[in-house]
Each structure stands twice: as C-alpha cells, then as structure tokens.
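# Descriptive analysis of the structure
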Amino acid sequence: MRGGDGIAGYGEALRLEFSGPDRLTDAAAAWRDVVARAQIDDDVRLPGSGLVAFGTFAFADESNATSVLIVPELIVGRRGSKAWVTRIGDGAGIDPVMRAFGDDFRVTLRAGQTSPADYVDAVSTAVGRINDDELGKVVLARDLIGRLPAGSDVRRIAAELAIGYPDCWTFCVDGMVGASPETLVRSEKGTVSARVLAGTLPRGRDDRADAEAADSLARSPKNTAEHAFAVRSVLDTLGRHTIRLQKSQPFTLRLPNLWHLATDVEGVLHDGSTSLDLVADMHPTAAVAGTPTDAALAVIRSLEKFDRGRYAGPVGWIDAHGDGEWAIALRCAQVDEDDVVHAYAGCGIVGDSDPAAELAESRIKFRPIVEALA
Ligand SMILES: C=C(O[C@H]1C=CC=C(C(=O)O)[C@@H]1O)C(=O)O
C-alpha cells in the first residue's frame with residue numbers, strides 16, 4: 001500500500017513455501033505453473049487486479065526463515081478512483097466485511113542479539129576490512145526484540161505505518177510488517193522501474209537545519225560513494241533485461257524521520273522476464289548487501305550474529321502477467337506465530353564510515369517500527 005492505493009488479501013487459497021539458494025527462481029517457476037493452470041476473469045485490468053500472489057523472501061541463502069508466496073481467497077484493491085474485489089477459488093463465497101481492529105497494544109523493543117556496543121565494534125571491523133581493500137561497501141544490521149500481547153492484531157502496526165509514512169510502501173505479509181522507502185523493482189506492462197536508496201542523514205531540528213542536512217547529504221563524498229555502489233548494482237542487473245535504461249540524477253528524498261539519497265531508474269523490458277525473475281536476478285543489491293556482493297555477504301555472515309530472516313529480502317506481489325511491485329523489506333519487523341517481534345535496521349558502511357554515527361543512523365531507521373509499536 002502506498003499513498004492510499006494498494007491491495008489487501010483475505011484468507012489463503014494457496015500457500016507456496018521456498019527456501020535455500022534457489023528460493024527466488026523456484027518461486028518464479030512455481031508462479032508460472034500456477035498462472036498456466038488458472039482461469040482468470042479480470043475486467044478491471046489495473047496493476048494488482050486479477051490473480052495475485054503476495055510474497056516475502058528470506059535475505060540469505062542459508063536463512064532458516066521460510067520464503068512464501070500466498071494467494072489470498074479474496075483481494076480488495078484500490079488505485080486512484082477505482083476499487084475492486086477479486087475472488088479466488090473457494091473465495092467465491094467470502095464477503096469483504098470490515099473487521100474491527102483488535103485491542104490496542106504497546107510494545108517496547110530491546111536490543112536483540114546485537115547490543116549497541118557490539119554494533120559499533122562490528123562497524124569498526126568492517127571499516128578496517130574495507131580499508132584493507134577486501135571490499136568496497138558492506139551493509140551491517142542490528143536487531144531489536146519484543147513480544148506482542150497474545151493474539152494482537154498486526155494490522156494495527158501496518159495501519160500506523162501507512163498513515164505515518166504515506167510515501168513508503170507499507171506491507172504486511174505472513175507477519176512481515178513494515179514501510180519501506182525503497183523498491184527493488186516494479187514492472188507494469190513492459191516498463192520496469194526501481195527507486196534506489198543509499199546514503200542517509202537525520203532530518204534537521206528546524207527548517208534551516210533541515211535544508212542544510214539535505215544539502216550536506218547531497219555533497220557528502222561518503223554518502224555519494226555509498227549511493228553510487230547501490231545504483232551501479234541495480235543498473236548492472238536491470239541492464240541485462242531491459243533496453244533504454246535511464247536513471248535520474250541522485251536526489252534527496254525526505255521522509256518523516258530522515259533524508260535519503262535516491263535515484264529513480266526506468267527501462268523497457270526486452271526479455272519477457274516476470275517481476276519475480278527480475279527480483280531473483282537483482283537480490284541482494286548493494287543497498288542491503290554491499291560490493292562486491294560475495295565479499296559483502298561473507299562479511300555479513302562473519303560480523304552479524306543473527307539470521308536476518310526476511311529483513312532486507314524482497315517483499316511484494318506478482319500478478320498473472322508477471323507484473324508486480326517488490327520492495328526491499330526495510331523499516332520492518334517480523335511477528336512470529338508465538339507473538340515475538342524481531343525488528344531490524346542496517347547501514348551501508350564504506351571506508352570513511354564513523355561507527356558511532358552509523359549506530360545513531362540505525363536508531364533513526366528503527367523509528368518507524370518502534371513508534372508504530374508504541
Ligand atoms: C539497510 C537499510 O537501509 C538501506 C537503504 C537505504 C539507505 C541505507 C543507508 O544509507 O545506509 C541502507 O543502504 C535499513 O534501513 O535497514
């Protein structure tokens with residue numbers, strides 16, 4: 001959901017689970033099979049109408065988290081002035097009734113497997129490795145943990161995020177809930193686009209300080225270097241699937257809690273890839289792993305003490321044409337079946353990163369989810 005447009009599913013007509021290094025290519029193939037066998041009646045013909053699966057995928061090949069594609073029994077959608085209902089399989093009998101939110105709840109998150117001091121140490125080690133020329137950039141994350149009262153209505157968290165962060169992509173799929181400012185890829189009728197983010201500064205305290213923050217972000221060699229790695233990785237992969245690939249100049253993107261450096265990318269699909277094929281090729285970008293990818297993943301494995309689960313993985317939806325909208329699962333938390341909440345935030349580390357500043361940046365990135373739970 002973004003800016004009031006979006007799709008919401010009721011029930012599960014089909015649930016497909018994936019894991020391991022081939023989880024994304026397996027999902028792309030499985031979705032082709034599902035579509036080939038489906039009989040679809042879609043008069044609306046808007047992005048998100050007709051047969052749709054929602055998905056959330058683990059970040060790492062070796063993760064214990066299950067990656068899923070879920071086809072709901074009923075989907076309610078809205079885009080601009082149009083709204084629609086899609087019924088799937090046995091969903092023919094379900095009515096899209098409004099269900100009141102469950103009880104209000106407040107949850108405080110505390111440090112998970114990485115304390116703030118551990119994080120500062122990990123960043124210092126990473127800076128050393130970068131300056132020893134082992135790699136150019138790595139994204140290091142830390143985790144927070146909490147527990148929701150039993151039976152809490154997770155939709156409350158999604159609603160808070162959608163209201164507070166209307167320019168972000170708010171998602172809630174299989175307990176993975178968040179509001180991401182970054183698309184991995186979006187494909188619609190042959191056009192492929194992406195918003196690449198990397199490089200961050202906190203918002204200023206007043207208008208003047210805020211304008212100065214945006215200006216210094218745009219001029220900062222550290223942030224522009226970090227951003228360039230992320231843009232390069234997206235251009236390299238999308239370049240294989242598109243023609244006329246264009247990128248905007250980097251611009252400063254204002255969110256309620258921070259400024260990001262952003263670049264919008266757009267091209268024309270030339271090889272018939274579905275949005276999940278593109279996701280499979282693009283993940284993980286340098287915005288969430290680093291550069292070169294393999295070296296960055298090795299540093300993440302050695303310095304992060306936890307399984308990222310679906311944090312920093314692709315989250316979104318795909319339709320019967322293969323079109324879809326996939327965000328990178330950032331500013332998010334995973335609510336498990338036992339009501340335990342794991343939240344994550346990370347920062348791109350380059351050779352001149354200051355560990356204390358990165359810790360402060362991670363605090364600001366936690367703000368959306370911490371506040372939605374508070
Ligand atoms: C890894 C995260 O953010 C990425 C996306 C935008 C800016 C980033 C940065 O400036 O470090 C990160 O690369 C996160 O929010 O957990």
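Here the structure is a predicted model, which means the values were calculated and not measured.

## Points about the overall build of the protein chain
- If you tally the helices and strands in the protein chain, you get eight helices and 20 strands.
- Taken against the 2.2 N^0.38 rule, which gives 21 Å for 374 residues, the C-alpha radius of gyration of the protein chain at 20 Å falls within 12% of a compact globule.
- Seen through its C-alpha atoms, the protein chain measures out along the principal axes to roughly 60 × 50 × 45 Å.
- When burial is assessed residue by residue, the protein chain has 52% of its 374 residues classed as buried.
- Considering only residue pairs separated by 6 or more positions, the protein chain has 73% of its internal contacts joining residues 24 or more positions apart.
- Both charge centroids of the protein chain, one from 40 positive and one from 55 negative side chains, sit 4 Å from each other.

## What to know about helix α8 (residues 355-373)
- Relative to the 27 Å expected for 19 residues at 1.5 Å per residue, α8 spans 27 Å between its end C-alpha atoms, a close match to the ideal helical length.
- When the local axis directions of α8 are compared, the greatest deviation, roughly 45°, occurs at Arg367, which is followed within four positions by the proline Pro368.

## Considerations on helix α2 (residues 116-131)
- Helix length check: α2, at 16 residues, gives a terminal C-alpha distance of 23 Å against a target of 22 Å (1.5 Å per residue), a fit within 8%.
- When we look at burial in α2, the residues that qualify are Tyr119, Ala122, Val123, Ala126, Val127 and Ile130. Taken end-on, α2 shows its buried residues confined to a sector of 140°, consistent with a single buried face.
- The inward-facing, buried residues of α2 abut β8 (137-147), α7 (293-303), β20 (340-349) and α8.
- Two residues or fewer after α2 comes Asp133, characterised by a positive phi angle close to 70°.

## Brief notes about the confidence of the model for the protein chain
- Summing up the model confidence of the protein chain, the mean pLDDT is 96 and the portion of residues at 70 or higher is 99%.
- Across the whole predicted complex the pTM is 0.96, and at the interface the ipTM reaches 0.98.

## With respect to the site of the ligand
- Surrounding the ligand, one finds 18 residues, the nearest of these being Thr200, Ala287, Tyr311, Arg331 and Gly346.
- Interatomic distance of 2.9 Å between a backbone N/O atom of Gly199 and an oxygen atom of the ligand.
- Between the ligand and Thr200 there is a distance of 2.5 Å, counted from an oxygen atom to a side-chain nitrogen or oxygen.
- For the ligand, the protein covers 100% of the area, taking 390 Å² as the surface of the free molecule.
- Of all elements in the fold, only β12 (191-202), β20 and α8 reach the threshold of two or more residues within the shell around the ligand.
- Tallied by class, residues from the shell around the ligand come to eight nonpolar, five polar and five charged.

## Quick notes on unusual backbone geometry
- Of note, the amide linkage connecting His283 to Pro284 takes the cis form, showing an omega dihedral of -5°.
- Relative to the helices and strands, Pro284 is located in the loop between α6 (275-282) and β16 (290-291).
- With an omega dihedral of -10°, the bond running from Thr291 to Pro292 counts as a cis peptide bond.
- By secondary structure assignment, the location of Pro292 is in the loop between β16 and α7.
- Within the chain, Arg45 stands out as a residue other than glycine whose phi angle is a positive 50°.
- Structurally, Arg45 can be placed in the loop between α1 (23-37) and β3 (52-56).
- Look at Arg45 and you get exposed, because its relative accessible area is 63%.
- Despite not being glycine, Ala312 has its phi angle at roughly 70°, a positive value.
- Inspection of the secondary structure assignment puts Ala312 in the loop between α7 and β17 (314-319).

## What to know about the environment of Ser67
- Here Ser67 is to be found in strand β4 (residues 67-71).
- With 230 residues separating them along the chain, Ser67 and Leu297 place their C-alpha atoms 19 Å apart.
- In this structure Ser67 touches Leu16, Glu17, Phe18, Arg23, Thr56, Phe57 and Ala58, once residues within four positions along its chain are discounted.
- Of the polar contacts made by the side chain of Ser67, one reaches the backbone nitrogen of Ala58; its length is 2.9 Å.

## Some points on the sheet that holds strand β1 (residues 6-10)
- Across the sheet, which stays open at both edges, the three strands sit in the order β1-β5-β6 with antiparallel pairing between neighbours. The two strands at the open ends of the sheet, each matched to only one other strand, are β1 and β6 (82-87). The average undirected angle you get between the axes of adjacent strands in this sheet is 15°.
- Examined bridge by bridge, strand β5 (residues 74-79) and β6 share six bridges and lie antiparallel to one another. Residue pairing in the sheet places Arg79 in a bridge with Lys82 of β6.

## With respect to the environment of Val173
- Within the secondary structure layout, Val173 lies in strand β9 (residues 169-173).
- By relative accessible area, which is 6% here, Val173 ends up buried.
- As a C-alpha pair, Val173 and Trp317 span 144 residues in sequence and 9.8 Å in three-dimensional space.
- The contact partners of Val173, leaving out residues within four places of it in the chain, are Phe54, Gly55, Thr56, Arg310 and Val315.

Criteria and cut-off values
Position numbers for residues count from 1 along each chain, tracking the sequence in the order it is written. Local features in a predicted model are, by the rule used here, given only for residues with pLDDT of at least 70; side-chain atom pairs are given and counted only at 80 or more, and totals for whole chains, interfaces and linings are based on all residues. Side-chain numbers here rest on the full set of heavy atoms in the structure, without hydrogens or water. Secondary structure counts use DSSP, requiring at least four H or I residues in a row for a helix and at least two E residues in a row for a strand, with both numbered from the N terminus. Here the radius of gyration uses the C-alpha set of atoms, whereas the globule reference equals 2.2 Å times the residue count to the power 0.38. The rule is simple: take the accessible area with a 1.4 Å probe, protein chains only, and divide by the maximum for that residue type; under 20% is buried, over 50% is exposed, in between is partly exposed. Residue contacts follow a heavy-atom distance rule, with two residues in contact if any of their heavy atoms lie within 4.5 Å. Here Asp and Glu are counted as negative and Lys and Arg as positive; His is not counted, and neither are the chain ends. All charge positions are set by atom: Lys at NZ, Arg at CZ, Asp at CG, Glu at CD. Multiply 1.5 Å by the residue count of a helix minus one, and that product is the helix's expected span. One axis fitted to the seven residues ending at a residue, another fitted to the seven starting there: the angle between these axes is the bend at that residue. Taken from the helix axis, the directions to the C-beta atoms give the arc we talk about. Known as pLDDT, the predictor's confidence for each residue is given on a scale from 0 to 100. Think of it this way: one heavy atom of a residue within 4 Å of a molecule or strand is enough to make that residue near it. Under this definition, polar contacts are N or O atom pairs within 3.5 Å; protein pairs additionally need one hydrogen-donor-capable and one acceptor-capable atom, and for neighbouring residues in sequence, both atoms have to be side-chain atoms. Reported accessibility uses the Shrake-Rupley method at a 1.4 Å probe radius. Residues are deemed covered only where the shown protein chains occlude them. Residue type decides the class: Asp, Glu, Lys and Arg count as charged, Ala, Val, Leu, Ile, Met, Phe, Trp, Tyr, Cys and Pro as nonpolar, and the leftover types, Gly among them, as polar. In this description, strands pair whenever DSSP reports at least two bridges between them. To obtain an axis, a line is fitted to C-alpha atoms, over the contacting stretch when the element is a helix, and the angle between two such axes runs from 0 to 180 degrees between their N-to-C directions.

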